[in-house]
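# Structural overview
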Amino acid sequence: FMETESRLVEGSLLLMVAATVVSTAINWPFPNGLKGFKDVFLQSLIFWVIYRARFSEHQQLRLAEIMVLGVIIGIVWGIADVFLGHRPQLQFHSAGAVSQSAIYLGTAVILVFSVALMASESPPPDAALHKRAAIWWVGGTIMIVALFLMGSRGPLAASLLAMFAVAILAGKKRFILFAAGLVVLSVFIANVLPDYFIQKRALTKTQEILEGHIPLADQERVSLWRIAIKQVEQGNSLVFGIGPRNYASIDYTNMKFDPPLKPVVRAVYQAHNLFLHKLVEEGIVGLFSLLFFFGVMIARLLRDRRGGRWRRWQWFSAIGALTVPIISGLFADPWRQEHGLLAMMLLAIALAPSNDRAVASS
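Residues numbered from 1 in each chain as written. Predicted model: local features only at pLDDT ≥ 70, side-chain atom pairs only at ≥ 80, totals over all residues. Heavy atoms only, no water.

### Notes on the environment of Ser23
Position of Ser23 among the secondary structure elements: in helix H1 (residues 2–27). Among the residues examined, Ser23 registers a relative accessible area of 0% and is labelled buried. Once the C-alpha coordinates of Ser23 and Pro244 are considered, the two residues, 221 residues apart in sequence, prove to be 6.9 Å apart. Setting aside residues up to four positions removed in sequence, Ser23 forms contacts with Phe240, Gly243, Pro244, Glu281 and Glu282. Here Glu281 takes part through its backbone oxygen, which lies 3.1 Å from a polar atom of the side chain of Ser23. (Helix = DSSP H or I, 4+ residues; strand = E, 2+ residues; numbered from the N terminus. Buried < 20%, exposed > 50% of the residue type's maximum accessible area, 1.4 Å probe, protein only. Contact = heavy atoms within 4.5 Å. Polar contact = N/O pair within 3.5 Å; in protein donor to acceptor, adjacent residues only side chain to side chain.)

Listed below in structure tokens is the structure:
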């Protein structure tokens with residue numbers, strides 16, 4: 001049974017790679033060439049290596065610690081970049097724009113929150129982990145504050161939803177209250193601090209919406225959705241798309257819109273919706289492969305829940321690895337780059353066949 005499920009997981013990876021290969025071949029040549037293929041291939045390869053690595057519980061925790069240490073270093077580096085005048089906003093040095101950095105950080109926040117949750121269990125599943133619970137909570141607090149300082153609304157909302165979902169699923173009221181307290185503390189710090197990181201833009205945009213005004217960034221987002229839909233409606237690239245990482249080739253000035261588009265002030269480089277983006281770049285085949293992969297991941301998590309194999313930090317972190325990039329992706333970035341890699345790594349850790357064997361032998 002486990003081997004059948006493993007083949008299904010690995011088959012979903014192969015399907016995504018195959019869809020990207022076909023879309024690349026059919027649309028070749030185009031400016032970014034093999035970059036889109038490399039994105040999907042690297043994601044799938046890293047997932048597969050971790051999935052099949054037979055890491056022990058201890059090794060999985062070490063890997064999580066390395067991930068979190070990298071995030072903390074990235075936050076310090078990002079703060080230094082702002083104060084040195086290299087960047088106007090808090091973001092990671094090499095994890096893309098602010099929204100992409102926030103998705104990465106939000107996914108990592110759920111990882112830290114999940115480990116802290118399990119470390120605080122009494123009796124704990126791991127005595128050594130239990131002793132370090134306070135360190136995980138402190139690290140999580142720093143990361144949540146940094147997430148508010150990034151001020152990206154979509155990733156912030158997705159991360160908070162995932163955090164409370166994890167707390168509710170864990171069934172611990174004190175953790176729900178603690179999470180609420182962390183959120184209140186983070187909001188307080190982000191608003192009391194001078195606007196060094198332009199972090200108050202999230203609050204400003206929210207106030208505009210409540211007052212009945214649509215912020216320019218949201219008007220632009222709607223325009224980008226309409227451009228993506230119009231590209232699909234043309235029908236000439238419906239099955240295999242226009243090619244991965246070839247979104248910038250769209251010339252929307254030749255499209256007719258009724259009513260006319262609001263001004264699109266930035267370059268058209270993505271759809272600002274991960275599903276529309278996949279549909280445009282890789283067509284129905286590519287979108288199906290991504291949805292199939294998500295479906296397999298969700299089915300596995302539900303199977304572990306029903307089978308009583310879910311009360312592990314790995315399972316909770318996988319909830320964040322799916323929900324934060326997907327919910328954020330409805331309004332922002334595609335499933336790719338560093339935040340896509342992090343999500344794939346956490347999903348592979350959570351669903352590895354070695355976890356089933358460890359649970360069965362315990």
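### Concerning the packing of aromatic side chains
Inspection of every chain in the model, using the stated rule, returns 19 aromatic pairs. On the numbers, 6.4 Å between centres and 45° between planes, the contact of Trp225 with Phe331 is tilted. With a gap of 106 residues between them, Trp225 in helix H10 (residues 216–233) and Phe331 in the loop between helix H12 (313–329) and helix H13 (337–351) connect regions that are remote in the sequence. Under the relative-accessibility criterion, Phe331 is labelled partly exposed at 40%. Of the aromatic side chains, those joined through ring pairs into one cluster are Phe47, Tyr51, Phe275, Phe293, Phe294 and Trp335. The lysine or arginine in question, Arg174, covers the ring of Phe175, its NZ or CZ lying 4.6 Å from the ring centre. (Phe/Tyr/Trp six-rings, centres within 6.5 Å; stacked < 30°, edge-to-face > 60°. Lys NZ or Arg CZ within 6 Å of the ring centre and 35° of its normal.)

### Quick word on the packing of helix H2 (residues 35–51) against helix H11 (residues 274–306)
Taken N-terminus to C-terminus, the directions of H2 and H11 make an angle of 15°; their axes are 14 Å apart at the nearest point. When the axes of H2 and H11 are compared, the pair comes out roughly parallel. As H2 runs across H11, the sense of the crossing is left-handed. Together, Val40, Phe47 and Tyr51 of H2 and Lys278, Glu282, Phe293, Met297 and Arg300 of H11 make up the contact between the two elements. For the contact of H2 with H11, the class distribution of residues is five nonpolar, no polar and three charged. (Axes fitted to C-alpha atoms, helices over the stretch in contact; angles between N-to-C directions. Parallel < 35°, antiparallel > 145°, perpendicular 65-115°, else oblique. Left-handed = near helix turned anticlockwise from the far one by under 90°. Nonpolar A, V, L, I, M, F, W, Y, C, P; charged D, E, K, R; others polar.)

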